[in-house]
Amino acid sequence: MTLKTILLGACSALALAGMASAETLTIATVNNGDMIRMQGLTSEFTAKNPDIQVEWVTLEENVLRERVTTDIATKGGQYDVMTIGTYEVPIWAKQNWLLPLDNLGADYDAADIIPAIAGGLTVDGKLYAAPFYGESSFIMYRKDLMEKAGLTMPDAPTWDFVAEAARKMTDRATGVNGICLRGKAGWGENMAFLTAMSNSFGARWFDENWKPQFDQPEWKNTLDFYVNLMKDAGPVGASSNGFNENLALFQQGKCGMWIDATVAASFVSNPKDSTVADKVAYALAPDTGLGKRGNWLWAWSLAVPAGTQKAEAAQKFVSWATSKAYLELVASKEGWANVPPGTRSSLYANPEYQKAAPFAKMTLDSINAADPTKPTVKPVPYVGVQFVAIPEFQGLGTTVGQLFSAALAGQMSVDDALKQAQDASTATMTEGGYIK
């Protein structure tokens, strides 16, 4: 055997030993554009951390929520990093299902996280999830179609104006829908939109004594307005459309307006993906003059479940993916307009981002305007703008979402949907001991 052969064999053995000793992180995430981009950049992380490998589990939003909830509640241990939201973090942290993120590194600068976003991810002074992107919601609209309709979008429109504009912009012959709104059933799909919308109509899920409020006129007004507007100006099959489906419709030029997550702004204005990129403008979510706008507050965040055996490596990844350096990495490859928004104050003070992202100021204004502690016109006993921060909401919100999606599809009347929502909510709250 030659010396060269011996040396090659030794190198191969060392390489195999290194691979064998590398930890593999399994990361569960949602199939949204920013997360898909993160996956494409994972080699940047593994190059700096050769002892860590990454495997991705990428799922549709409703499926992701179901899988990670089941896994963490049963201590299944399938995932080392989970993509979860503002709803789950405080509930799961209080049940000791998440590890506090106390090892993100000296240069992480947690103080730079936007206070409104950090507040929803912090329990007893500890950060339990790091925001990958933060969002509120606002109106994205076609300037050319608005002008064609003979209207001018105010910066802060009413729902009546939005409805008038949507009907005038609708042109079935050319496949243009005046408005695209979520209809897909799910507590984080149609109910995120409808709960935020209902806040602006003066509705609430529960009164101060946890009594469900779907039998009150404010919810009737909300759901009637929504169903009639979508019937007149929405796309066919709207009851199956969530965030990604409406994003595709808007990018294809089939929506005059879209009220949804502020994070979508970079996608609808990106000429690589959007056929109407140069025709998009933005406005605040609508109101009815009662003092609340129909905008929500959310952060898709990375958290480390308490059951992982790879906590140190998991926090290294979380730190990398939610750092200032990651924003700079995305900017270097995709441009500043395409960095994950809504997480760091320094991003909104960056002149390059302000110049590249015409939606930046309105995004930050919308985030700061949403108040989870006072989400509705009337008093409520719960926290959360587009959700109710109690464990029962995940199941109840999905049940109500299915009823409202059926009403949108014409499978039941608005009155029937509201009655069944009231009955389901009353049963849930009674069983949970909230009401007697």
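Residues numbered from 1 in each chain as written. Predicted model: local features only at pLDDT ≥ 70, side-chain atom pairs only at ≥ 80, totals over all residues. Heavy atoms only, no water.

A. Layout of the pairing of strand E1 (residues 23-30). With six of eight residues buried, E1 is to be regarded as a mostly interior element. As paired elements, E1 and strand E2 (residues 52-59) share eight bridges and run parallel to each other. Looking across to E2, one finds that Thr29 is bridged to Thr58. As defined by bridge partners, E1 adjoins strand E3 (residues 81-84) across two bridges and the pair is classed as parallel. When the sheet's bridge partners are listed, Ala28 is paired in E3 with Met82. (Buried < 20%, exposed > 50% of the residue type's maximum accessible area, 1.4 Å probe, protein only. Helix = DSSP H or I, 4+ residues; strand = E, 2+ residues; numbered from the N terminus. Pairing = 2+ DSSP bridges.)

B. Structural detail: the nonpolar core. Within the largest apolar cluster, 149 residues are counted, with the highest numbers of intra-cluster contacts made by Ile179, Trp205, Tyr226, Met257, Phe317 and Phe404. If one sorts the elements of this core by residue count, helix H10 (residues 217-233) sits on top with eight residues. The residues contacting Ile179, other than those within four sequence positions of it, are Val162, Ala166, Leu229, Met230, Ala233, Gly234, Pro235, Met257 and Ile259. (Core = buried A, V, L, I, M, F, W, Y, C linked by side-chain atoms within 4.5 Å. Contact = heavy atoms within 4.5 Å.)

C. Representation of the side chain of Thr363 in the model. Considering the arrangement of structural elements, one finds Thr363 in helix H17 (residues 360-369). The exposure class assigned to Thr363 is buried, which follows from its relative accessible area of 1%. Residues in contact with Thr363, not counting those within four places in the same chain, are Phe138, Thr262 and Tyr348.

D. Fine view of the pattern of salt bridges. Taken as a whole, this structure holds 21 salt bridges when the rule is applied. Here Lys333 and Glu44 are joined by a salt bridge, their closest N and O atoms 3.6 Å apart. On the criterion of sequence distance, the pair formed by Lys333 in helix H14 (residues 324-334) and Glu44 in helix H3 (residues 42-48) is long-range, its members being 289 residues apart. Note on Lys333: relative accessible area 47%, which makes it partly exposed. According to the relative accessible area criterion, Glu44 is partly exposed, its value standing at 28%. Several salt bridges converge on common partners, so that one network encompasses Glu60, Lys184 and Glu245. (Salt bridge = Lys/Arg side-chain N within 4 Å of Asp/Glu carboxyl O.)

E. Looking closely at the sheet that holds strand E11 (residues 298-303). Pairing is mixed in the open sheet, where five strands are placed in the order E2-E1-E3-E11-E6. This sheet does not close on itself; its edge strands, each paired only once, are E2 and strand E6 (130-135). Within this sheet the neighbouring strands show an average axis-to-axis angle of 15°, counted without direction. Against the sheet, helix H2 (residues 33-40) contacts E1, E2, E3, E6 and E11, and its axis sits at roughly 145° relative to E6. (Axes fitted to C-alpha atoms, helices over the stretch in contact; angles between N-to-C directions.)

F. The packing of aromatic side chains, seen in detail. By the definition in use, this model includes 36 aromatic pairs. Ring geometry for Phe206 against Trp210: centres 5.6 Å apart, planes inclined by 55°, an arrangement best described as tilted. With relative accessibility at 0%, the residue Phe206 sits in the buried group. Its relative accessible area of 16% is what places Trp210 among the buried residues. Geometry around Trp187 places Arg65 over its ring, the cationic atom sitting 4.3 Å from the centre. (Phe/Tyr/Trp six-rings, centres within 6.5 Å; stacked < 30°, edge-to-face > 60°. Lys NZ or Arg CZ within 6 Å of the ring centre and 35° of its normal.)

G. Just the sheet that holds strand E9 (residues 255-261), in detail. If you trace the four strands from one edge of the open sheet to the other, you get E8-E9-E7-E10, paired in mixed fashion. What marks the edges here is a single partner per strand, and that holds for strand E8 (177-180) and strand E10 (280-284). Averaged over all neighbouring strand pairs, the angle between strand axes comes to 20°, with direction disregarded. Alignment of strand E7 (residues 137-142) against E9, held across five bridges, turns out to be antiparallel. Looking at the pairing, Ile139 lines up with Ile259 of E9.

H. Structural detail: the packing of helix H8 (residues 159-169) against H10. Orientation of H8 relative to H10, taken along the N-to-C sense of each, is 20°, at an axis distance of 9 Å. Classified by the interaxial angle, the pair formed by H8 and H10 is roughly parallel. Crossing handedness for the pair H8 and H10: left-handed. Listed contacts from H10 to Trp159, Asp160, Ala163, Ala166 and Arg167 of H8 are Phe225, Asn228, Leu229, Asp232 and Ala233. Tallied by class, residues from the contact of H8 with H10 come to six nonpolar, one polar and three charged. (Parallel < 35°, antiparallel > 145°, perpendicular 65-115°, else oblique. Left-handed = near helix turned anticlockwise from the far one by under 90°. Nonpolar A, V, L, I, M, F, W, Y, C, P; charged D, E, K, R; others polar.)

I. Representation of helix H9 (residues 190-200). Burial of H9 is extensive: eleven of the eleven residues sit out of reach of the surface. Within H9 the residues assigned to the buried category are Asn190, Met191, Ala192, Phe193, Leu194, Thr195, Ala196, Met197, Ser198, Asn199 and Ser200. Structurally, H9 contributes buried residues whose contacts are with H8, H10, E9 and helix H18 (393-408). Downstream of H9 by a residue or two, Gly202 has a phi angle that is positive, lying close to 85°.

J. Structural detail: the side chain of Gln386. As for its placement among the helices and strands, Gln386 is situated in the loop between H17 and H18. For Gln386, the side chain forms a polar contact with the main-chain oxygen of Leu297, separated by 3.1 Å. (Polar contact = N/O pair within 3.5 Å; in protein donor to acceptor, adjacent residues only side chain to side chain.)

K. The environment of Asn31, seen in detail. Note that Asn31 resides in the loop between E1 and H2. With relative accessibility at 28%, the residue Asn31 sits in the partly exposed group. Sequence separation between Asn31 and Trp187 is 156 residues, and the spatial gap between their C-alpha atoms is 17 Å. Apart from the residues lying within four places of it in its own chain, the contact partners of Asn31 are Ile36, Thr58, Leu59, Glu60, Glu61 and Asn244. One polar contact links Asn31 to Asn244, side chain to side chain, over a distance of 3.4 Å.

This is a description of form; function is not addressed.
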